[in-house]
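Chain and residue survey
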Amino acid sequence: MAENHATATDKPVPYSTGDSAITETTIAEMRELAARYPVGRSALLPMLHLVQSVEGRVTPEGIEACAEVLGLTGAEVSAVATFYTMYKRRPVGDYHVGVCTNTLCAVMGGDLIFERLKSHLDVGNDETTEDGKITLEHLECNAACDYAPVMMVNWEFFDDMTPESATQLVDDLREGAEVKSPRGATICSWRETERVLAGFPDGRADEGPTGGKASLAGLRLARERNWTAPNGNGSNGRAAETTVSPEAAAGPRPEDQPGKESQAVNGDDSRKED
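Calculation notes
Residues numbered from 1 in each chain as written. Predicted model: local features only at pLDDT ≥ 70, side-chain atom pairs only at ≥ 80, totals over all residues. Heavy atoms only, no water. Core = buried A, V, L, I, M, F, W, Y, C linked by side-chain atoms within 4.5 Å. Buried < 20%, exposed > 50% of the residue type's maximum accessible area, 1.4 Å probe, protein only. Helix = DSSP H or I, 4+ residues; strand = E, 2+ residues; numbered from the N terminus. Contact = heavy atoms within 4.5 Å. Phe/Tyr/Trp six-rings, centres within 6.5 Å; stacked < 30°, edge-to-face > 60°. Lys NZ or Arg CZ within 6 Å of the ring centre and 35° of its normal. Axes fitted to C-alpha atoms, helices over the stretch in contact; angles between N-to-C directions. Parallel < 35°, antiparallel > 145°, perpendicular 65-115°, else oblique. Left-handed = near helix turned anticlockwise from the far one by under 90°. Nonpolar A, V, L, I, M, F, W, Y, C, P; charged D, E, K, R; others polar. Pairing = 2+ DSSP bridges.

**As for the nonpolar core**
Counting 25 residues, the largest nonpolar core has Met-30, Leu-44, Met-47, Leu-48, Cys-66, Leu-70 and Val-77 as the members making the most contacts within it. Going through the elements one at a time, helix 1 (24-34), helix 2 (44-55), helix 3 (60-70) and helix 4 (74-81) are the ones with two or more residues in this core. With residues near it in sequence (within four places) discarded, Leu-48 still touches Val-58, Cys-66, Val-77, Val-80, Ala-81 and Tyr-87. Among the nonpolar cores identified, the runner-up in size contains 20 residues, and Tyr-95, Val-97, Ile-113 and Leu-117 belong to it.

**Here's the deal with unusual backbone geometry**
Residue Pro-149 is bonded to the preceding Ala-148 through a cis peptide linkage, with omega at 0°. Here Pro-149 shows up in the loop between strand 3 (134-139) and strand 4 (151-153). For Asp-160, which is not a glycine, the phi torsion comes out positive at approximately 50°. Non-glycine residue Asn-226 carries a positive phi angle of around 60°.

**Structural notes on the packing of aromatic side chains**
Per the counting criterion, the structure on display carries two aromatic pairs. On the basis of an interplanar angle of 85° and a centroid distance of 4.9 Å, the ring pair of Phe-83 and Tyr-84 is categorised as edge-to-face. Geometrically, the ring pair formed by Tyr-84 and Tyr-87 is edge-to-face, given 6.3 Å between the ring centres and 85° between the ring planes. An aromatic cluster of three or more residues is present, and its members are Phe-83, Tyr-84 and Tyr-87. The ring of Phe-200 has Arg-36 sitting right over it, with the charged end atom 5.2 Å from the ring centre.

**Observations regarding the packing of helix 1 against helix 2**
It is at 10 Å that the axes of helix 1 and helix 2 come closest, and there the two elements cross at 160°. By the angle between their directions, the pair helix 1 and helix 2 is classed as roughly antiparallel. For helix 1 against helix 2, the interelement crossing comes out right-handed. Contact residues: Thr-26, Glu-29, Met-30 and Leu-33 in helix 1; Pro-46, Met-47, Leu-50, Val-51 and Val-54 in helix 2. In the contact of helix 1 with helix 2, the residues fall into seven nonpolar, one polar and one charged.

**Here's the deal with the pairing of strand 1 (residues 95-100)**
Of all the six residues making up strand 1, six are buried; the element is thus mostly covered by neighbouring parts of the structure. Neither face of strand 1 is exposed, since Tyr-95, Val-97 and Val-99 on one face and His-96, Gly-98 and Cys-100 on the opposite face are all buried. Two strands pair when backbone bridges link them, and strand 1 and strand 3 are joined in this way by six bridges, in the parallel orientation. Looking across to strand 3, one finds that His-96 is bridged to Thr-135. With three bridges joining them, strand 1 and strand 4 adopt antiparallel strand pairing. Residue pairing for strand 4: Val-99 is matched across the bridge by Met-151.

As far as function goes, none of this settles anything; it's purely spatial.
Put into structure tokens, the structure is as follows:
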């Protein structure tokens, strides 16, 4: 069972495979990233995402490539790569599945979801299924408490989850079915996501709504009650303009939510606005 699995730090991982996928094309893209900043070392974070998109993790070869392009030492690059949790030193599967287990999500069922997935996938925290499809990790606050408990797949939100909808979600991912976040985005592979995070857009930035109904409750109330924001001079100014689309204001689409209708678009929503 999953609870018998060792944690990620207990399992040795080869420091280097000796078979790097970094090519001259990758190096050229690193130089392109560095040229976007007044100070080249500011590009280190996106460059590490680029390494992950090519290597599937931050490898020693990737660290040395970043260091060479930016004129840094390997130790300086390693210090950054080991500080931020989005940079992985262990191979990541096709889909990185994160379950928020911070306070509110835990109270609302996040702990139960995480335990169910560990058992269902037969993995522990920060481990990957034998088929290489799913890497499971518990995450700290995802800043989506209005839809607790939440999960993320390759950093895309899945709201109002349950143990049942979570297991259906990972099963769909493993089977190769098209999966969409309730926020609208179609889930791509982890490496494709890492390339976007590196700064090479895939042309889908505006896919789906950017905010759900619960997140936009304050904006709706302000419009209904004609509330306005101060104009900066201590007097009442004009209402703040917004670019929120009607689709965003409508909230997540229940047909894109696996296993459970989002409370945000359900007429039985018990969370009152006032």
